[in-house]
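# Chains, contacts and geometry: an overview
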Amino acid sequence: MKPMLGFVEWIKALEFAGYRRFVAHWRAIILLLILALATFLIAHADFFGLSLFALLLFFIASQLFWIGRTLDVAERLISGKPRRAWLAIVAGLLYSFLFLYSYPEWGLGHVIRAADYRPQSILIYAIFWWWFVGSMLAFLFVTAFGAADRAACGALWLYRKARMARHQDSTAADAHAALLSPSRRCFLERTAVLASATPFVAAGYGLLYERQNVEIVRQSVRLARLPKALEGFHIVQLSDIHIGPFTTADYIRRCVAITNGLQPDLIALTGDYVCWDPEAQDEVVGVLAGLRAPHGVFGCLGNHEADVEIEASITHLFAAHGIRILRQERAPIRLQDDVLNLIGIDDGGGVAPADVLQAAGQRRLQQLKALVMPNTVNILLEHYPGTFDLDDLGIDLTLAGDIHGGGQLSLDFVHRGLNLGSLMGVPYIRGLYEKGGAQLYMNRGIGITGFPIRLGARPELTLLELVRGV
Ligand SMILES: [Fe+2]
């Protein structure tokens, strides 16, 4: 019987198998990456679907690599040397089960599946998405590492050729030999394996901890037209609640308690209360009914309410609990003799033909223009900030959400713009933006959709303080 392998042997096996596999599939992987890159560049001309296609290509390349690598490791570690074909069948069945169980309905828009609260479903779903996010990020690291290594080798080869041609310089040959030495290759392979393991650990952290590690963001907003009576007015914004198997009522209740503890003057909800399940609307409204603020709780609807066709029903449910959803409406907030004009409009999304959505968007825009009050501070609640780029609307501040701080995956702390949302061409991601005197605050939301992971995009409750000035 084969003895159990120690940690060092495991690492060595991983290194050897992974690197060998990577080299063996190098050309196919590079071809897929080039296709992905080309598609992505075309997508920057605003073809959203093409950028999704680029991501799909990258996903396929990463899965080919990691499944092959897992097979290599299994072949080396399992006693009795099972045939590779059998290992491939077992791995294929397991992978297919995880994939189909977690992603069973293929369709347009956000319609993926209704909520499934069974513990085994949550576990399988979590494993799948941990693998999905971890393997994609790790593949990104490995390919970047491989490309850098190849570039270094190529540069030194050119240097060596040039030196030898001109001076018959033997030190250049020595340098090239050192680059290809077994000890250096071993070091590089070990580094590549450790680097590629990091995203899997990070994805686990995002799944188990960061996903519900709520941050209270305090943001002051300067408004030139703010009347004196509203100086220091506090608004707490909650967005993208997405009640579901991974965003439970208990977690939302905790967010409600934190919000009430901040003692805001007014609470603003900026849409996406449910995930995919229309049946969940009663529960999420019941929990949000616990919100308290002296000037009231107001909200707008998100694209998920449109997707699952609960716009009217959830508005009535909120109204029954004293929360007013503004649907192409305004609610002037009065303090002494001064007014803050609060406006809410529906999201421009939903499942409908493009021309229908466009016509609805135009109608909404006309309605919005009629709701703006001149010579008054106008604050707009709009789930996706589709009107922020329009000039001369008279909106001082827009509160929005939708993109979950960059698609829930962000390395903005490394470099601003390095997040999933920006890569997909979304212009406004997180925090405060200013354009032509108008301001926009993008809230990261508290819930999740798609993968149940947040990495570099903590859930957020925003305490906005309105102050006078420019
Ligand atoms: Fe959302």
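Report follows, based on the coordinates. (Residues numbered from 1 in each chain as written. Predicted model: local features only at pLDDT ≥ 70, side-chain atom pairs only at ≥ 80, totals over all residues. Heavy atoms only, no water.)

### Some points on the overall build of the chain
Put simply, the test is: Counting from the N terminus, the helices are the DSSP runs of H or I reaching at least four residues and the strands are the DSSP runs of E reaching at least two. Relative accessibility thresholds used throughout: buried, under 20% of the residue-type maximum; exposed, over 50%; partly exposed, between the two (1.4 Å probe, protein chains only).
Within the chain one finds 14 helices and 12 strands. The proportion of buried residues among the 470 residues of the chain is 48%.

### Some remarks on the nonpolar core
Rule in force here: The term nonpolar core refers to a set of buried residues drawn from Ala, Val, Leu, Ile, Met, Phe, Trp, Tyr and Cys, joined through side-chain atoms within 4.5 Å. Contact criterion: two residues are considered in contact whenever any of their non-hydrogen atoms come within 4.5 Å of each other.
If you look at the biggest cluster of nonpolar residues, it comprises 33 residues, and the most contacted ones within it are Ile 252, Leu 269, Tyr 273, Val 284, Leu 288 and Phe 318. Contributions of two or more residues to this core are made by strand E2 (233–238), helix H8 (249–261), strand E3 (266–270), helix H9 (281–288), helix H11 (311–320) and strand E12 (460–468). At 5 residues, H8 tops the list of elements feeding residues into this core. Setting aside residues no more than four positions away along its own chain, Leu 269 makes contact with Leu 238, Leu 288, Leu 291, Val 297, Phe 298, Gly 299, Cys 300, Phe 318, Ile 323 and Leu 381. Counting 32 residues, the second largest nonpolar core, distinct from the first, contains Phe 59, Phe 99, Val 133 and Phe 139.

### A few points about the packing of aromatic side chains
Keep this limit in mind: Aromatic pairs are defined between Phe, Tyr and Trp rings, using the six-membered ring for Trp, whenever the two ring centres lie within 6.5 Å; interplanar angles under 30 degrees are classed as stacked, those over 60 as edge-to-face, and all others as tilted.
In total, this model carries 17 aromatic pairs according to the counting rule given. Ring geometry for Tyr 125 versus Trp 129: centroids 6.2 Å apart, planes at 70°, classification edge-to-face. On the criterion of helical spacing, the pair formed by Tyr 125 and Trp 129 is a turn pair, its members being 4 residues apart in helix H5 (residues 119–167). Residue classification places Trp 129 among the buried positions, given a relative accessible area of 6%. An angle of 85° between the planes, with centres 5.2 Å apart, marks the rings of Phe 388 and Tyr 428 as edge-to-face. Of this pair, Phe 388 sits in the loop between strand E8 (377–382) and strand E9 (397–400) while Tyr 428 sits in the loop between helix H14 (420–423) and strand E10 (431–435), and the two are 40 residues apart along the sequence. There is no split in this pair, since Phe 388 and Tyr 428 are both buried.

### Things to note about the pattern of salt bridges
Side-chain pairs of opposite charge can arise where the charged atoms are in close proximity. The condition is simple: Criterion for a salt bridge: a side-chain nitrogen of Lys or Arg within 4 Å of a carboxyl oxygen of Asp or Glu.
Applying the stated criterion across every chain yields a total of 10 salt bridges. Between Arg 327 and Asp 346 there is a salt bridge, with the nearest N and O atoms lying 2.7 Å from each other. Taken as a pair, Arg 327 in the loop between strand E5 (324–325) and strand E6 (329–335) and Asp 346 in the loop between strand E7 (338–345) and helix H12 (354–371) lie far apart in primary sequence, 19 residues in all. Classification of Arg 327 by relative accessible area gives partly exposed; the value is 26%. Note that Lys 435 and Asp 389 form a salt bridge whose closest N and O atoms lie 2.8 Å from each other.

### Notes on the packing of H8 against H9
Axes are the key here: two packed helices are described by the angle between their axes and the distance separating the axes. Selection criterion: Between N-to-C directions, angles cover 0 to 180 degrees, with each direction set by a line fitted to C-alpha atoms, over the stretch in contact for helices. Working definition: roughly parallel below 35 degrees, roughly antiparallel above 145 degrees, roughly perpendicular at 65 to 115 degrees, and oblique for all remaining angles. Should the near helix be turned anticlockwise from the far one by less than a right angle, the crossing is termed left-handed; should it be turned clockwise, right-handed. Residues are sorted three ways: Asp, Glu, Lys and Arg are charged, Ala, Val, Leu, Ile, Met, Phe, Trp, Tyr, Cys and Pro are nonpolar, and all the rest, Gly among them, are polar.
Closest axis-to-axis distance for the H8/H9 pair is 9 Å, and the angle between their directions is 25°. One finds that H8 runs roughly parallel with respect to H9. As H8 runs across H9, the sense of the crossing is right-handed. Here Ala 249, Ile 252, Arg 253 and Val 256 of H8 come into contact with H9, specifically with Glu 283, Val 284, Val 287 and Leu 288. Looking at the contact of H8 with H9, its residues break down into 6 nonpolar, no polar and 2 charged.

### What to know about unusual backbone geometry
The backbone of Asp 402 sits at a positive phi, close to 80°, despite the residue not being glycine. Here the phi dihedral of Gln 408 falls at roughly 70°; this positive angle occurs in a residue that is not glycine. For Gln 408, the location among the structural elements is in the loop between helix H13 (404–407) and H14. Overall, the relative accessible area of 2% leaves Gln 408 in the buried class.

No statement about biological role is implied by the geometric values presented.
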